[in-house]
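# Notes for the structure review
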Amino acid sequence: MATGDETPKRQMTPVPAPMIPQRRAAEDDHAPPRPSPLNPNPSSHDDQAYVARDKPARTKKETAKKRESKAGAAGPDSSRATPDPSLKTKDGNNNTTVSEASPLRYKLAPPRPADFDAARSPIFTPHHQVPGLDGAAIQFYETSEHVYNKKNYHYLHCIADPAFPSSFYYRQTEPEPHGPHMTFEDASTHVYFDQSGRHVTTDKGFRMARANVAVREGTWYWECKITRGIINSDTGAKNANRSKDAAHQPASHGHVRIGFARREASLDAPVGFDAYSYGFRDIDGQKVHMSRPKDFFPVGEDMLEGDVIGLEIRLPSEHLHRKIVQGQYNPAVDLNEEEAHNTVEEAANIVRDRIPIRFKAHIYFEKIDYHPTKELEDLMNPSPVGTAGHSRPGDKPNPNHASPALRTLPNSHIKVYKNGVLMGTAFTDLLAFLPPASKPQAQVGAREGKDDGMLGYYPAVSVFRGGAVETNFGPDFWYPPNGYETLQNQSQNQDQNQNEIHMQTQTTTDIEMADAVDDADTVLVNSSEAQAQGGAQGQAPRAISDRYTEQIVEDIVADIIDEVDFWMQDGARVLDRTGGRDEKAEPVGIAPASEEIKELVQDD
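Residues numbered from 1 in each chain as written. Predicted model: local features only at pLDDT ≥ 70, side-chain atom pairs only at ≥ 80, totals over all residues. Heavy atoms only, no water.

## Quick look at the overall build of the protein
Which entries qualify depends on this criterion: For helices the rule is a DSSP run of H or I covering at least 4 residues; for strands it is a run of E covering at least 2, with both sets numbered from the N terminus onward. Categorising residues by exposure relies on relative accessible area from a 1.4 Å probe, with only protein chains included: less than 20% of the type maximum marks a residue as buried, more than 50% marks it as exposed, and the intermediate range marks it as partly exposed. Here, two residues are considered to be in contact whenever any of their heavy atoms come within 4.5 Å of each other. Note on areas: Shrake-Rupley, 1.4 Å probe, and residue coverage restricted to the protein chains presented here.
Secondary structure assignment for the protein yields nine helices and 25 strands. Across the 604 residues in the protein, those meeting the buried criterion constitute 46%. The contacts in the protein between residues at least 6 apart in sequence include a share of 70% that link residues at least 24 apart. Only carbon and sulfur atoms are counted for the fraction: they give 52% of the accessible area of the protein, which is about 32300 Å².

This is the structure we're talking about:
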């Protein structure tokens with residue numbers, strides 16, 4: 001049906017425009033301070049507003065040397081600084097708390113009058129005699145009335161001294177026989193000695209004895225004479241073909257092994273049994289480490305009765321040693337510095353946690369000894385898993401190993417001589433021994449990372465069923481090594497010049513001390529400095545007897561440092577220790593312990 005009206009047009013429903021985010025105009029505060037590829041012309045930046053922003057002040061870090069010079073305790077191996085008596089603790093007193101660099105203290109009763117007497121030697125009971133090389137009888141003794149280093153404890157003689165009141169009057173000492181010798185306390189049972197302690201034997205299986213002096217750095221030499229061992233007349237056939245047939249063993253009066261051992265090495269095993277010792281076997285002159293003998297001496301060069309075997313060891317400076325065990329060693333830099341390094345600049349931080357104990361008629365310092373680590377046990381007996389998760393099978397020890405116990409000392413070696421003739425360098429890159437490479441037995445009172453000053457490589461001897469060895473630590477050797485006599489003559493000349501200077505200064509009232517260090521005639525006590533001025537003779541070995549003298553000096557200095565440290569902890573005053581009458585004189589930081597020195601019981 002038609003109409004006059006037109007149909008209206010249909011219009012589209014309006015749709016709102018999409019919300020597109022608009023770019024915000026850049027503000028001055030958000031402009032970058034410098035041109036960049038994303039903002040080449042930051043013309044609107046206000047430099048003054050940027051500088052005026054509140055910004056936290058940056059703390060300037062001091063270098064390690066500056067921290068050590070100020071506090072003396074920046075690291076576990078830094079040298080000690082002189083304590084400041086004006087320092088206050090949180091409680092407001094002058095008493096300073098015990099730090100990680102101080103030894104533990106124990107509350108003890110006053111010493112007995114007998115504690116001030118000189119240390120006593122062990123009792124020597126005649127055991128048996130053997131004929132010597134010259135036909136004369138050698139008397140061996142069984143030692144008794146002394147303690148043995150065992151069950152993870154180490155013992156040193158001590159004595160009461162009125163000059164050490166803050167240390168509860170006790171300090172370290174040495175009994176007779178004086179001088180370097182094999183230690184009665186640091187030997188296995190059934191090891192027999194002569195009265196000088198330099199001649200050892202046994203009638204049992206392999207037993208080991210260590211010397212009373214440790215090598216920590218430098219080049220040192222000692223020798224020993226085999227007085228009972230392989231007989232010379234029955235070695236030709238075996239030496240001709242290096243026979244490994246156990247049925248063909250050379251005739252002998254016993255067997256010996258000699259070498260160097262650390263504190264962790266077992267005394268009930270031969271030298272070279274584990275990773276803590278390096279030894280030489282009399283049969284075939286083999287070298288032994290971790291119970292793995294390897295041919296070393298030339299064919300026909302067994303270690304026989306009457307032979308003199310000399311051992312030379314070289315270790316880098318303690319400065320480089322500490323860098324290695326702390327993971328700071330850089331071979332590109334540190335080896336060059338090692339050649340010119342002077343250890344007079346620094347000293348190790350010696351921390352000796354020990355307590356006096358009684359054993360029969362003796363007074364000893366008892367210390368928790370260092371214990372074998374799992375890393376070196378796994379190195380001796382490798383497993384597919386690896387060493388405590390730190391290494392893979394085949395990951396050999398090296399200076400930068402992930403495990404401190406498996407780090408080695410560059411430029412270290414052990415050389416061996418036979419009757420004055422160099423047989424060669426048997427071992428190189430010896431394992432490091434300073435903490436944390438060495439750890440104490442885990443128990444109450446044990447603190448890791450502490451160097452008690454007795455770590456190092458000790459001259460060691462093992463004897464087996466009648467084998468006997470006589471040691472010689474110098475200075476008069478049977479076969480001096482190359483360069484030794486020249487170094488001895490130089491040292492004697494220095495001593496003579498020093499005596500002349502001393503006689504001249506006694507007649508002079510004014511003494512210029514400033515030039516003493518530059519004096520060419522000054523005697524150099526430190527081994528590294530003496531070797532540095534020796535030029536080409538700097539690598540010449542020194543006698544172990546000289547090292548023994550240095551070790552005695554180090555023990556005395558450490559005793560004095562501990563006394564001063566304890567005195568400062570007590571508020572820079574000497575407290576009354578005659579029975580506790582002064583209640584206010586109770587020092588801080590003393591570990592809980594019995595107020596009476598304990599009695600030790602051991603089976604002889």
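## A few points about the environment of A269
Within the secondary structure, A269 is located in the loop between β11 (255-261) and β12 (277-281). The class for A269 is buried, based on a relative accessible area of 5%. Beyond its immediate stretch of four places on either side in the chain, A269 contacts F206, M208 and S462.

## Things to note about the pattern of salt bridges
Here is the rule we go by: What makes a salt bridge here is a side-chain nitrogen of Lys or Arg within 4 Å of a carboxyl oxygen of Asp or Glu, nothing more.
Under the criterion given, the structure shown has 24 salt bridges. Its salt-bridge partner being D369, residue R263 comes within 2.7 Å of it at the nearest N-O pair. Residue R263 is found in the loop between β11 and β12, and its partner D369 is found in the loop between β17 (362-368) and β18 (370-371); the two are separated by 106 residues along the sequence. Residue classification places D369 among the buried positions, given a relative accessible area of 8%. Between R547 and E554 there is a salt bridge, with the nearest N and O atoms lying 3.0 Å from each other. Since its relative accessible area comes to 3%, R547 is described here as buried. Through salt bridges with shared partners, one network takes in R216, E318, R322 and D451.

## Examining the confidence of the model for the protein
Our working rule: Values of pLDDT, which run from 0 to 100, indicate the predictor's confidence residue by residue.
Looking at the protein, pLDDT values average 78 and 65% of them are 70 or higher. For residues 507-538, every residue scores under 50 in pLDDT, and the model assigns this stretch 34 contacts once sequence neighbours within four places are set aside.

## A look at the side chain of E366
This is how the line gets drawn: Each polar contact in these results corresponds to two N or O atoms within 3.5 Å; when the atoms are within protein, one needs to be able to donate a hydrogen and the other to accept it, and residues that are neighboring in sequence are counted only if both atoms are side-chain atoms.
Along the chain, the position of E366 falls in strand β17. In this structure E366 comes out as buried when scored by relative accessible area, which is 8%. Polar contacts involving the side chain of E366 include one to the side chain of Y155, which spans 3.0 Å. Every residue in contact with E366, bar those within four places of it in the chain, is listed here: Y153, H154, Y155, D353, R354, I355, I357, K598 and L600.

## Regarding the pairing of strand β20 (residues 421-428)
Each regular strand displays side chains that alternate between the two surfaces of the sheet. So the rule is basically this: Strands pair, by our definition, only if DSSP identifies at least two bridges between them.
When strand β19 (residues 413-418) meets β20, the two strands line up antiparallel, connected through six bridges. In the strand pairing of β20, V416 is matched with G424. Here β19 hands over to β20 after two residues, with N419 in that stretch at a positive phi of 50 degrees.

## Focus: a nonpolar patch on the surface
As a reminder, the rule being used: Exposure above 30% relative accessible area and the absence of a salt bridge qualify a residue for a patch, where like charges join within 9 Å and nonpolar side chains (Val, Leu, Ile, Met, Phe, Trp, Tyr) within 5 Å.
Taken together, the side chains of I556, I560, V564, W567 and V574 make up a nonpolar region of the molecular surface, amounting to roughly 430 Å² of accessible area. Structurally, W567 is set in helix α9 (residues 544-569). Taking the relative accessible area as the measure of exposure, W567 reaches 32% and is therefore partly exposed.

## Some words on the pairing of strand β6 (residues 182-187)
With six of six residues buried, β6 is to be regarded as a mostly interior element. Pairing geometry for β6 and strand β9 (residues 207-211), over two bridges, is antiparallel. Paired with A187 across the two strands is A209, which belongs to β9.

## Some remarks on the sheet that holds β12
The test is simple: Lines fitted to C-alpha atoms define the axes here, with helix axes fitted over just the stretch in contact, and angles between the N-to-C directions of these axes take values from 0 to 180 degrees.
Spatial strand order, β6-β9-β22-β11-β12-β13-β14: seven strands in an open sheet with antiparallel pairing. Every interior strand has two partners, whereas the edge strands, β6 and β14 (292-294), have only one. On average, adjacent strands in this sheet sit at an angle of 30 degrees to one another, irrespective of strand direction. Across four bridges, the pairing between β9 and strand β22 (residues 458-464) is antiparallel. Looking at the pairing, R207 lines up with V463 of β22.

## Notes on the sheet that holds strand β5 (residues 170-172)
Strand order in the open sheet formed by four strands is β5-β4-β17-β16, and the pairing between neighbours is antiparallel. A single partner strand is all that each edge strand has here, and the edge strands are β5 and β16 (355-359). The average undirected angle you get between the axes of adjacent strands in this sheet is 50 degrees. Two elements, strand β4 (residues 153-160) and β17, share five bridges in a ladder whose sense is antiparallel. Bridge pairing links Y155 to E366 in β17.

## Focus: helix α4 (residues 318-325)
Most of α4 is tucked away, with seven of its eight residues classed as buried. Regarding α4, the residues found buried are E318, L320, H321, R322, K323, I324 and V325. Remark: G327 follows α4 within two positions and exhibits a positive phi of approximately 75 degrees.

## A short note on the packing of aromatic side chains
The geometry of two aromatic rings is summed up by the distance between their centres and the angle between their planes. Which entries qualify depends on this criterion: Only Phe, Tyr and Trp rings are paired, with Trp represented by its six-membered ring, and only when their centres lie within 6.5 Å; those with planes under 30 degrees apart are stacked, over 60 edge-to-face, the remainder tilted.
With the rule as written, the count across this model stands at 16 aromatic pairs. Geometrically, the ring pair formed by F124 and F184 is edge-to-face, given 5.5 Å between the ring centres and 80 degrees between the ring planes. With F124 in strand β2 (residues 123-131) and F184 in strand β6, this residue pair connects regions lying 60 residues apart in the sequence. Summarising the aromatic geometry, the rings of F280 and F296 are spaced 6.3 Å apart at their centres and angled 55 degrees between planes, so their arrangement reads as tilted.

## Describing the environment of R281
Relative to the helices and strands, R281 resides in strand β12. It is 8.3 Å that separates the C-alpha atoms of R281 and H255, two residues lying 26 residues apart in sequence. At 2.6 Å, the side chain of R281 forms a polar contact with the side chain of Q286.

## A closer look at unusual backbone geometry
Following E176, the chain continues to P177 via a peptide bond in cis, the omega torsion being 0 degrees. Checked against the element boundaries, P177 lands in the loop between β5 and β6. For the bond from G474 to P475, the omega torsion is 5 degrees, close enough to zero to count as cis. Along the chain, P475 turns up in the loop between β23 (468-472) and α7 (484-505). The phi dihedral of N152 is positive, around 65 degrees, even though this residue is not glycine. Within the element layout of this structure, N152 appears in the loop between β3 (137-144) and β4. Judged by relative accessible area, which is 29%, N152 ranks as partly exposed.

## Structural notes on the environment of N381
The topology assignment puts N381 in the loop between α6 (374-380) and β19. The class of N381 is exposed, set by a relative accessible area of 51%. Here the alpha-carbon distance between N381 and D274, two residues 107 residues apart in the chain, equals 9.9 Å.

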